[in-house]
Amino acid sequence: MKISQIATHRASIGVRPEMAIKGSRGHHRISPFLIVRVDTDAGVSGVGEATTMPVWSGETAATAEAIIHEILAPLLIGHDPADIESIDRAMDRAVNHNWFTKAAIEMACWDIQGRAAGRPVYELLGGPCRSRTIPSRFSMAAYDPETAAAKAVERVGWGFTTIKIKVGTDPREDVARVRAVREAVGPDIALVIDANCGWDADTAIDCCRQLEDCRLSLVEQPTPDGDYTSLARVRRSIEPPVMADDMCFNRIHALELLRHEACDVISVYPGKNGGIRKSAEIVRLAAEHGVACSIGSNLEWDVATAAMGHLVIGLENMQVERFPGDILGPWYHQQRIVTQPLVIEQASCTIPELPGLGVEVDWDKLASLS
Ligand SMILES: [Mg+2]
């Protein structure tokens, strides 16, 4: 089987206003998606999604589309879609970084393999390690304390038992926001904070000490991108476990985190890591060092969310039971473009037991949105 064509479709989809995310990196109100279809000479096609946000990775739907058509598609036509390592090597030799763009093609190749074999992608990753219904936390914007408290209570009413609060804006407001949420939701709800690189080490340590009575379950990415030493210092100085997210795109980043003993948990997902295989590589490496992984997100649509789900189901070290991740992206959006949207309810997302990624894009609907 050989890749015969790669087609792309852009769609900018609004986030439901009541769900809009605001963190240290600003607002997320629109998601500029690029849906990718990889066709083969055997008549089997696969789909992928580039969930582009320039503030995250420097990519946009337009750059992803241009890189695919000008560089990656000409290079990959004729390649065996089952040989993901060789596809990764070819893409990495031709284009530096651009993780989400490469991930879109890579996940489509997994989809092709699964469809051709009649098996879900999690089976190809080694078989299911956990339920296909994956628990998720609710990720909440950096609202003022009163709004944050009211929304947190509402989310708990929807069934969430872990609430992630965005911090990393103004330290005094951050502390007030977290304290207001703890007081509103009571002692039994797990609270996580995510600074998205918005603090430095001293600020992070100071804020976490002020919040000791709020009993945080996890402190996510408190320090700047690339600063392994500072993250390690925060980890040594505070009680709650520390998660690295925004600074771990590839295997080298993961290795540096492990060498510095900088974190207890690494957040991974196929888009950020450049594909399912590369995410899995980080997850296995972390397991060898006794470091947990969980699933992160850039507010994906159904296709990339399915790819995330297969990774969680197929790899034992994706410890979502201890550290619930973010796997609710499609639910945040005003439109869905698959014929059977993933079931997202009761604070969890269920991945279907179907071949490949298990989702079918409604191409007519997608064309109407493009
Ligand atoms: Mg994060």
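As a reminder, the structure under discussion sits directly above these lines.
Reading the values: rules and limits
- Residues numbered from 1 in each chain as written.
- Predicted model: local features only at pLDDT ≥ 70, side-chain atom pairs only at ≥ 80, totals over all residues.
- Axes fitted to C-alpha atoms, helices over the stretch in contact; angles between N-to-C directions.
- Helix = DSSP H or I, 4+ residues; strand = E, 2+ residues; numbered from the N terminus.
- Parallel < 35°, antiparallel > 145°, perpendicular 65-115°, else oblique.
- Left-handed = near helix turned anticlockwise from the far one by under 90°.
- Contact = placed C-beta atoms within 7 Å.
- Nonpolar A, V, L, I, M, F, W, Y, C, P; charged D, E, K, R; others polar.
- Buried ≥ 20, exposed ≤ 12 C-beta atoms within 10 Å, placed from the backbone.
- Pairing = 2+ DSSP bridges.

## Description of the packing of helix 2 (residues 61-76) against helix 4 (residues 99-117)
Thought 1: Between helix 2 and helix 4, the least distance of the axes is 10 Å, while the angle of their chain directions is 50°. Classified by the interaxial angle, the pair formed by helix 2 and helix 4 is oblique. Remark: the crossing between helix 2 and helix 4 carries right-handed chirality. In this structure, helix 2 uses Ala 64, Ile 67, Ile 68, Leu 72 and Leu 76 to contact helix 4, whose residues at the interface are Phe 100, Thr 101, Ala 104 and Ile 105.
Thought 2: Tallied by class, the residues present in the contact of helix 2 with helix 4 amount to eight nonpolar, one polar and no charged.

## So, the environment of Tyr 122
Thought 1: Looking at where Tyr 122 falls in the secondary structure, it is placed in helix 5 (residues 121-124).
Thought 2: Judged by C-beta crowding, with 24 C-beta atoms within 10 Å, Tyr 122 ranks as buried.
Thought 3: When sequence neighbours within four positions are dropped, the list of residues in contact with Tyr 122 reads Pro 128, His 310, Ile 313 and Gly 314.

## Some details on unusual backbone geometry
Thought 1: For Gln 221, which is not glycine, the phi torsion reads 40° and is therefore positive.
Thought 2: Tracing the sequence through the fold places Gln 221 in the loop between strand 10 (216-220) and helix 9 (228-237).
Thought 3: Gln 221 sits in the buried class, given 27 other C-beta atoms within 10 Å.
Thought 4: One non-glycine residue, Gln 346, lies in the positive phi region at around 50°.
Thought 5: Following the sequence through the fold, Gln 346 ends up in the loop between strand 14 (343-345) and strand 15 (348-350).

## A look at the sheet that holds strand 14
Thought 1: Sheet architecture is open: three strands sit in the order 6-15-14, paired in antiparallel fashion. Of all the strands in the sheet, the pair left with one neighbour each is strand 6 (133-135) and strand 14. Pairwise comparison of adjacent strand axes, ignoring direction, gives a mean angle of 20° for this sheet.
Thought 2: Bridging between strand 6 and strand 15 involves three bridges; their strand directions are antiparallel. Bridge pairing in strand 15 places Pro 135 opposite Ser 348.

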